[in-house]
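Summary of the model geometry
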Amino acid sequence: MATLMRAARLHEPGQPLRIDSVPRPKPRPDDVLVQVKSCGVIPNMNAIFSGTLWNQLPPLPASVGLDAAGVIAEVGENVTELEVGQRVYVNPWLACGQCAYCRADEPTLCGSAAFQGYFGFFPDSLRTLARYPFGGFSEYLTAAPQRLVILPDKVTFDQAARFGYIGTSFAALRGGNVGAGTWLAINGMTGTLGVGATLLGLGMGATRIIGFGRNRAVLDQLKALAPDRIRTLALGDHPIAEWMREQTDGLGTDVLVDCSARAAAASTTADALNGLKRGGTAINIGALSEPLPIQPMRFMTGRIAFRGSNWFTTGEGQLMADMAGTGVLDLSHLEPHLYPLEGVNDALDAIRARLGGFVNIVVNPDR
Ligand SMILES: [Zn+2]
């Protein structure tokens, strides 16, 4: 008889998850089995599980949960570089490995890309999802070794369960060449992506980090991280571009990371683009969906770039883990709010309150 495990499954879009008893998966020869210790809960989850967005939900009932961290419990017979007992974060990004983008080493552009335990981006993604049908709100899941980030002892499972959003910010900062001396602006600084971008900006050497958002209490908390380097503005207090230039000797910032959420007003982003330095780069990672009016001539004469960035590679995840393990990236500021597996629907309710980006809502399936 198969060994059973508990898994939170979505049976009907928009309805609470149910804790079901299902067979514990066996890893295929090239995969590993991970015992999940922590899985993150993120702001977009309720919207995705509602089934009303553009994304492809896996066939229901589906085991769900996006950002899992845990311990390798079993390895397939062909796995030689990893062993039972290692602490890992599972990058849930699934790519087909075969399409033109995958063959060009661009898995985050894959035409069948999907998030394990969450959704597919395209109709063909359902094939990709079918290969890894367990999410992080389960006691166990299977994963390919290429998707595992080895966690230093200092990085807790609960911190690693936040890697998806921190990694998204990390890839964006790398895309903008943030490094020693960069002047960095962050739109939506108080949210999950914005707090990650701030902590990373500090670690990566940005000297001026100027951010705007709505939550004044979180803005104060952010400023207190490094009062000499961080400046904050509550939206509505002052025109954004003018304030950005005031903080940067009249020049503007080198980089703008735009974390505006799907339903945010594009006008805030448009204002912030005017606070970029000539030669600067703006990067959207918040899925802002309202069309954005820009003046191409200004982008031409000032050699300004506006681009998107989605997720991150497992290699970038490993860099981030090492930064966190050595204190370059300080994750101790995150505030863990922990729920047992049976409390997964309470955790999903809690994320609706938008408590701000320091709050780290995590489900612990082993409790
Ligand atoms: Zn592909």
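Placed above this text is the structure.
Now for a look at the structure at hand. One numbering rule holds for all chains: residues counted from 1, following each sequence as written. pLDDT decides what is reported in this predicted model: residues at 70 or higher carry local features, side-chain atom pairs at 80 or more are listed and counted, and totals for whole chains, interfaces and linings draw on all residues regardless. Side-chain metrics rest on all non-hydrogen atoms present in the structure, leaving aside hydrogens and water.

So, the overall build of the chain
- A run of H or I in DSSP counts as a helix once it spans at least four residues, and a run of E counts as a strand once it spans at least two, with each numbered from the N terminus. A tally of helices and strands in the chain yields 12 helices and 19 strands.
- Note on method: radius of gyration uses C-alpha positions; expected globular size equals 2.2 Å times residues raised to 0.38. Compactness check: the chain gives a C-alpha radius of gyration of 20 Å against a globular reference of 21 Å for 367 residues, within 12% of the reference.
- Referenced to the eigenvectors of the C-alpha coordinate spread, the extents of the chain come out at roughly 70 × 40 × 40 Å.
- With 367 residues in all, the chain has 54% of them scored as buried.
- For the chain, contacts bridging at least 24 residues in sequence account for 72% of all contacts bridging at least 6.
- Entry remark: accessible area of the chain is about 15500 Å², with carbon and sulfur atoms responsible for 52%.
- With 31 positive and 33 negative side-chain charges, the chain shows a spacing of 3 Å between the two charge centroids. A 1.4 Å probe rolled over the protein chains alone gives each residue an accessible area, and that area as a share of the maximum for its type sets the label: buried under 20%, exposed over 50%, partly exposed in between. It only takes one pair of heavy atoms within 4.5 Å for two residues to be counted as in contact. The accessible surface values rely on the Shrake-Rupley method and a 1.4 Å probe; as for residues, cover is taken only from the protein chains in view. Only four residue types enter the charge count: Lys and Arg as positive, Asp and Glu as negative, with His and the chain ends excluded. Throughout, a charge is located at the NZ atom of Lys, the CZ atom of Arg, the CG atom of Asp or the CD atom of Glu.

Quick look at the packing of helix H5 (residues 163-175) against helix H6 (residues 192-204)
- Relative orientation of the contacting elements H5 and H6 amounts to 55 degrees, with a least axis distance of 8 Å. Here H5 is positioned oblique relative to H6, judged by the angle of their axes. Crossing of H5 against H6: the hand is right-handed. Between H5, through Tyr165, Ile166, Thr168, Ser169, Phe170, Leu173 and Arg174, and H6, the contact on the second element is made entirely by Thr192, Leu193, Gly196, Ala197, Leu200, Gly201 and Met204.
- All residues other than Ala, Val, Leu, Ile, Met, Phe, Trp, Tyr, Cys, Pro, Asp, Glu, Lys and Arg, Gly among them, are scored as polar; the first ten of these are nonpolar and the last four charged. Here the residues of the contact of H5 with H6 are counted per class, giving 8 nonpolar, 5 polar and 1 charged. Simply put, an axis is a line fit to the C-alpha atoms, just over the touching stretch for a helix, and the angle between two N-to-C directions goes from 0 to 180 degrees. Angular relationships are summarised with four words: roughly parallel below 35 degrees, roughly antiparallel beyond 145, roughly perpendicular across 65 to 115, and oblique for the angles in between. Crossing handedness follows the turn of the near helix against the far one: under a right angle anticlockwise gives a left-handed crossing, and clockwise gives a right-handed one.

Some points on the coordination of the zinc ion
- Counted as coordinating are nitrogen, oxygen and sulfur atoms within 2.8 Å of the metal, or 3.2 Å for Na, K and Ca, while water is not included, which may make sites look incomplete. Every protein donor of the zinc ion is listed here as Cys96 (SG), Cys99 (SG), Cys102 (SG) and Cys110 (SG), and their distances to the metal cover 2.3 to 2.4 Å.
- On the basis of relative accessible area, cysteine 96 is assigned to the buried category, the value being 18%.

Concerning the packing of aromatic side chains
- Between 30 and 60 degrees the pair is tilted, below 30 it is stacked and above 60 it is edge-to-face, where a pair is any two Phe, Tyr or Trp rings, Trp via its six-membered ring, whose centres lie within 6.5 Å. Evaluation of the coordinates by the stated rule reveals 15 aromatic pairs.
- The structure contains a cluster of three or more aromatic residues connected by ring pairs, namely Phe49, Trp54, Trp93, Phe115, Tyr118, Phe119, Phe121, Phe122, Trp311 and Phe312.
- Sitting over the ring of tyrosine 132, arginine 28 keeps its end group 5.0 Å from the ring centre. Ring-over charges, as used throughout, are those where CZ of Arg or NZ of Lys falls within 6 Å of the ring centre and within 35 degrees of the ring normal.

Side note on the packing of H5 against helix H11 (residues 314-325)
- One can describe the packing of H5 onto H11 by two numbers: an axis separation of 10 Å at closest approach and a directional angle of 105 degrees. Looking at the two axes, H5 sits roughly perpendicular to H11. Packed against H5, whose contacting residues are Phe163, Ile166, Gly167, Phe170, Ala171 and Arg174, the element H11 presents Glu316, Gly317, Leu319, Met320, Ala321 and Met323 at the interface.
- When grouped by side-chain class, the residues that make up the contact of H5 with H11 number 8 nonpolar, 2 polar and 2 charged.

A short note on the layout of surface pockets
- The definitions used throughout rest on a 1 Å grid laid over the protein atoms alone, on which a cavity is an enclosed set of points accommodating a 1.4 Å probe that cannot get out and a pocket is an open set flanked by protein within 12 Å on both sides along at least five of seven lines; lining residues are those having an atom within 4 Å of a point. Grid points are joined across faces, edges and corners, and a volume is the space filled by probe spheres set on the points. Taken as a whole, the second largest pocket spans an internal volume of roughly 500 Å³.
- If you list the elements that add at least two residues to the lining of the second largest pocket, you get strand E7 (93-94) and helix H3 (125-131).
- Class assignment of the residues belonging to the lining of the second largest pocket gives a composition of 9 nonpolar, 7 polar and 5 charged.

Observations concerning the sheet that holds E7
- A pair of strands is labelled paired if DSSP reports no fewer than 2 bridges between them. Spatial strand order, E7-E8-E9: 3 strands in an open sheet with antiparallel pairing. A strand with exactly one partner marks an edge of an open sheet, and here the two such strands are E7 and strand E9 (119-120).
- Bridge analysis of strand E8 (residues 114-115) against E9 gives 2 bridges, and the strand direction is antiparallel. Across the sheet, the residue bridging to alanine 114 is glycine 120, located in E9.

Digging into the pattern of salt bridges
- Basic side-chain nitrogens of Lys or Arg form a salt bridge, by our definition, when they fall within 4 Å of a carboxyl oxygen of Asp or Glu. A complete count under the given rule lists 12 salt bridges for this structure.
- Across the pair glutamate 74 and lysine 26 runs a salt bridge, and its minimum N-O distance is 2.8 Å. Taken as a pair, glutamate 74 in strand E5 (residues 67-75) and lysine 26 in the loop between strand E2 (18-23) and strand E3 (32-40) lie far apart in primary sequence, 48 residues in all.
- The exposure class of glutamate 74 is partly exposed, given its relative accessible area of 24%.
- Among the ionic contacts, a cluster of salt bridges with common partners joins Arg6, Glu139 and Glu342.

Quick word on the sheet that holds strand E14 (residues 230-234)
- What the 6 strands build is an open sheet, ordered E14-E13-E12-E15-E16-E17; its pairing is parallel. Only two strands of the sheet have a single partner each, and these edge strands are E14 and strand E17 (305-308). Averaged over neighbouring strand pairs, the angle between their axes works out to 15 degrees when direction is ignored.
- For strand E15 (residues 253-258) and strand E16 (residues 276-284), the ladder comprises 5 bridges, and the chain directions are parallel. Note on E16: the bridge partner recorded for aspartate 258 is asparagine 284.
- Where helix H7 (residues 216-225) meets the sheet, it contacts strand E13 (208-213) and E14, and its direction lies at approximately 170 degrees from that of E14.

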